[in-house]
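Coordinate analysis (summary)
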Amino acid sequence: MSRRKQIYEGKAKILYEGPEPGTLVQYFKDDATAFNAQKKATLDGKGVLNNRISEFIMLRLMEIGIPTHFIRRLNMREQLIKKVEIVPLEVICRNVAAGTMSVRLGIEEGEKLPRSIVEFCLKRDDLGDPLVAEEHVYAFGWATQGEMDEIIAMTLRINDYLQGMFAGIGIRLVDFKIEFGRLAHPDGLGDHMIILADEISPDSCRLWDMETNKKLDKDRFRRDLGEVTEAYTEVATRLGILKPNPSTANISVISSND
Ligand code: TYD
C-alpha cells in the first residue's frame, strides 16, 4: 500500500491512486467518527464489513440500472472505483423520522413520514454539513438543475429498491445518505453523467429490525449502545454476505477471493 499515492483521507476511508487512469482504490478503515468527528473510535472489522456490504448494495443497484462508481472489490478492505468529481452535497433520503429531522421538526423518532423526503446538506465539515435548500444549490452553482433532477430521481429509485431489499430480510430502512459524482460521458460528449459514488453501509444508513426496532447501524456508536460490529455483522449475515455463525463473532466470508 505504501507504494500507492494517497489522494485523500476521510474519516472512514482512504482514496489511493488506481492502477489505471480514471480509477481510484477506496480503502475502508476501522475508524468511526460521529458528531463532526468530536467522537472517535476504532471498531475492529468495521472496514471489512462496510467494504462487503457496500459492494453488495452497489452491485444490486447496478443490476437495476443505477450507474455507480464501483468497478470491483480488490480485497477485504479495498475496492476499485471510477474517479469522479464529487458533487459537494450529502443527499439524505428519509422514510421514518429519526436523528436531526426529529430534533429539528419535533417529530418523535420512529414516526413514519407521510412520504419519502429527500434533503441536501452541503459537504463542509468546518460548518458541520449544514442543511441547504435546492435554491442554494443553484444560486451557488454546486450542481445544475438537470443534475439535481437526475440526483433526486436516482435517490428515490435507490430508496424504493433498498426499502424492498431490506424489508425482505426483516430490516426497516429508516433513512440513508448518499453522494454522487460527475463522470466524463463515455461517448465523449462534452457533458458529464451523474453516478452514485462513496458507499452505502450501516455507517450511512439507519437500519432497524422490523420486529424489535433494534438499531443495526451507526447509531449504536453515536448513542453508545455497544455491539456495533456485531450489528453490522448481523446486517451482512442477513444479506447473505456472511455465513451465520452464532457461536463466535468471527467474520467468515462466503466465496471470498481475498
Ligand atoms: P441525520 O439524521 O441528518 O444526521 P445524524 O446522523 O447526525 O443524526 O442523518 C440522516 C441519515 O444520513 C443517517 O442515516 C446518517 C446519514 N448521514 C451520514 O451518513 N453522514 C452525514 O454527514 C449525515 C449528515 C447523515
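Provided above is the structure to which this section pertains.
Let me begin by describing the structure that accompanies this report. (Residues numbered from 1 in each chain as written. Predicted model: local features only at pLDDT ≥ 70, side-chain atom pairs only at ≥ 80, totals over all residues. Heavy atoms only, no water.)

1. What about the pattern of salt bridges?
Considering all chains together, one arrives at 29 salt bridges under this definition. For Arg94, the salt bridge is made with Glu119, and the minimal N-O distance between the two is 3.0 Å. Taken as a pair, Arg94 in strand 9 (residues 89-96) and Glu119 in strand 10 (residues 112-122) lie far apart in primary sequence, 25 residues in all. For Glu119, a relative accessible area of 9% translates into the label buried. Residue Asp219 pairs with Arg206 through a salt bridge whose shortest N-O separation is 2.6 Å. With Asp219 in helix 5 (residues 219-222) and Arg206 in strand 14 (residues 205-209), this pair connects stretches of sequence that are 13 residues apart. Of the residues examined, Asp219 reaches a relative accessible area of 0% and is grouped as buried. Exposure remark for Arg206: the relative accessible area of 10% places this residue in the buried category. What emerges from the salt-bridge pattern is a single network uniting Arg94, Arg104, Glu109, Glu119, Asp175, Arg206, Lys215, Asp219, Arg222 and Arg223. (Salt bridge = Lys/Arg side-chain N within 4 Å of Asp/Glu carboxyl O. Helix = DSSP H or I, 4+ residues; strand = E, 2+ residues; numbered from the N terminus. Buried < 20%, exposed > 50% of the residue type's maximum accessible area, 1.4 Å probe, protein only.)

2. Some remarks on the sheet that holds strand 6 (residues 70-73)
Pairing is antiparallel across the open sheet formed by 5 strands, whose spatial order is 1-2-3-7-6. Each having just a single partner strand, strand 1 (6-9) and strand 6 make up the two edges of the open sheet. Neighbour to neighbour, the strand axes of the sheet diverge by 25 degrees on average, direction disregarded. Here helix 1 (residues 46-63) sits on the sheet and contacts strand 3 (23-28), strand 6 and strand 7 (78-82); the angle it forms with strand 6, its principal contact strand, is near 135 degrees. (Pairing = 2+ DSSP bridges. Axes fitted to C-alpha atoms, helices over the stretch in contact; angles between N-to-C directions. Contact = heavy atoms within 4.5 Å.)

Function cannot be read off these values alone, since they describe shape.
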